[in-house]
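Chain and residue survey
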Amino acid sequence: QAQLVESGGGLVQAVGSLRLSCAASGIIFSIGAMGWYRQAPGKQRELVATIHSGGSTDYADSVKGRFTISRDNAKNTVYLQMNSLKPEDKAVYYCKANLLLNLRSWSENWGQGTQVTVSS
């Protein structure tokens, strides 16, 4: 059974930085797109950034120029470097990855989430 485990969340002051990591483990034949989502209290979960298997990236307008998504395929890990953090970035951040687990079909897997709190 594959799983995604996030780390790196915490409390930071505004304009500070944090780096999130998400490692996929288990029997995995291939990993497709990987991404980060976030959910603030009382709001819907939203896409923050995606990185495709070829390395291309997409970002939400609200984080462009501040956040950078990257991946290390050898470590089955995706990262989110968050700079110039704002109080409105406070949320639970979730990792998502498309995993090929059985050579027949891809599955969409989620991590358990990591809390990011930004104080003003």
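Residues numbered from 1 in each chain as written. Predicted model: local features only at pLDDT ≥ 70, side-chain atom pairs only at ≥ 80, totals over all residues. Heavy atoms only, no water.

Let's talk about the packing of aromatic side chains
Spelled out, the test is: Centres within 6.5 Å make a pair out of two Phe, Tyr or Trp rings, where for Trp the six-membered ring is used; the pair is then stacked when the planes are under 30 degrees apart, edge-to-face when over 60, and tilted otherwise. Two thresholds decide whether a charge sits over a ring: the Lys NZ or Arg CZ must be within 6 Å of the ring centre and within 35 degrees of the ring normal.
If you walk through the whole model with that rule in mind, you get one aromatic pair. Positioned above the aromatic ring of Tyr-79, the side-chain terminus of Arg-19 is 4.0 Å from the ring centre. The ring of Trp-110 has Arg-45 lying over it, and the distance from NZ or CZ to the ring centre is 4.7 Å.

Some details on the nonpolar core
Spelled out, the test is: We define a nonpolar core as any set of buried Ala, Val, Leu, Ile, Met, Phe, Trp, Tyr and Cys residues linked to one another through side-chain atoms lying within 4.5 Å. Residue exposure (1.4 Å probe, protein chains only): buried if accessible area is under 20% of the type maximum, exposed if over 50%, otherwise partly exposed. In DSSP terms, a helix is any run of H or I states spanning at least four residues, a strand is any run of E spanning at least two, and both are numbered starting from the N terminus. We call two residues in contact when some of their heavy atoms are within 4.5 Å.
With 29 residues, the main nonpolar core has Trp-36, Val-48, Phe-67, Val-78, Leu-80, Met-82 and Tyr-93 as its most contacted residues. Listed by contribution, the elements that provide at least two residues to this core are strand E3 (18-25), strand E4 (30-39), strand E5 (46-51), strand E7 (67-72), strand E8 (77-82), strand E9 (91-100) and strand E11 (114-119). Per element, the largest residue contribution to this core is five residues, and it comes from E9. If sequence neighbours within four positions are ignored, Met-82 has contacts with Gly-16, Ser-17, Leu-18, Leu-20, Arg-66, Phe-67, Tyr-93 and Val-116.

Let's talk about the environment of Val-5
By the secondary structure assignment, Val-5 is in strand E1 (residues 3-7). Separated by 89 residues in sequence, Val-5 and Tyr-94 have C-alpha atoms that sit 9.4 Å apart. Not counting chain neighbours up to four residues away, the residues in contact with Val-5 comprise Ser-21, Cys-22, Ala-23 and Gln-112.

A look at the state of the cysteines
The test is simple: Two cysteine sulfurs form what is called a disulfide whenever their separation falls within 2.5 Å.
Scanning the model with the defined rule gives one disulfide in all. Here Cys-22 engages in a disulfide with Cys-95; their sulfurs sit 2.1 Å apart. Measuring the twist about the S-S bond at about -75 degrees, one finds the Cys-22-Cys-95 disulfide to be left-handed. With Cys-22 in strand E3 and Cys-95 in strand E9, the pair connects residues that are 73 residues apart, well separated along the chain.

Remarks on the side chain of Asp-89
Our working definition: In the analysis that follows, any N or O atom pair within 3.5 Å is treated as a polar contact, provided that within protein one partner can donate a hydrogen and the other can accept it, and provided that, for residues neighboring in sequence, both atoms belong to side chains.
Relative to the elements of secondary structure, Asp-89 occurs in the loop between E8 and E9. One polar contact links Asp-89 to Arg-66, side chain to side chain, over a distance of 2.7 Å. With residues near it in sequence (within four places) discarded, Asp-89 still touches Arg-38, Arg-66, Phe-67, Ser-84, Val-116 and Val-118.

Things to note about the environment of Asn-73
Along the chain, the position of Asn-73 falls in the loop between E7 and E8. On the basis of relative accessibility, which here comes to 48%, the residue Asn-73 falls in the partly exposed class. Of note is the side chain of Asn-73, whose polar atom sits 2.7 Å from the side chain of Arg-71.

Quick word on unusual backbone geometry
We note that Val-15 has phi near 70 degrees; this positive angle belongs to a residue other than glycine. Relative to the helices and strands, Val-15 is located in the loop between strand E2 (10-13) and E3. We classify Val-15 as exposed; its relative accessible area is 68%. Within the chain, Ser-84 stands out as a residue other than glycine whose phi angle is a positive 50 degrees. Residue placement: Ser-84 occurs in the loop between E8 and E9.

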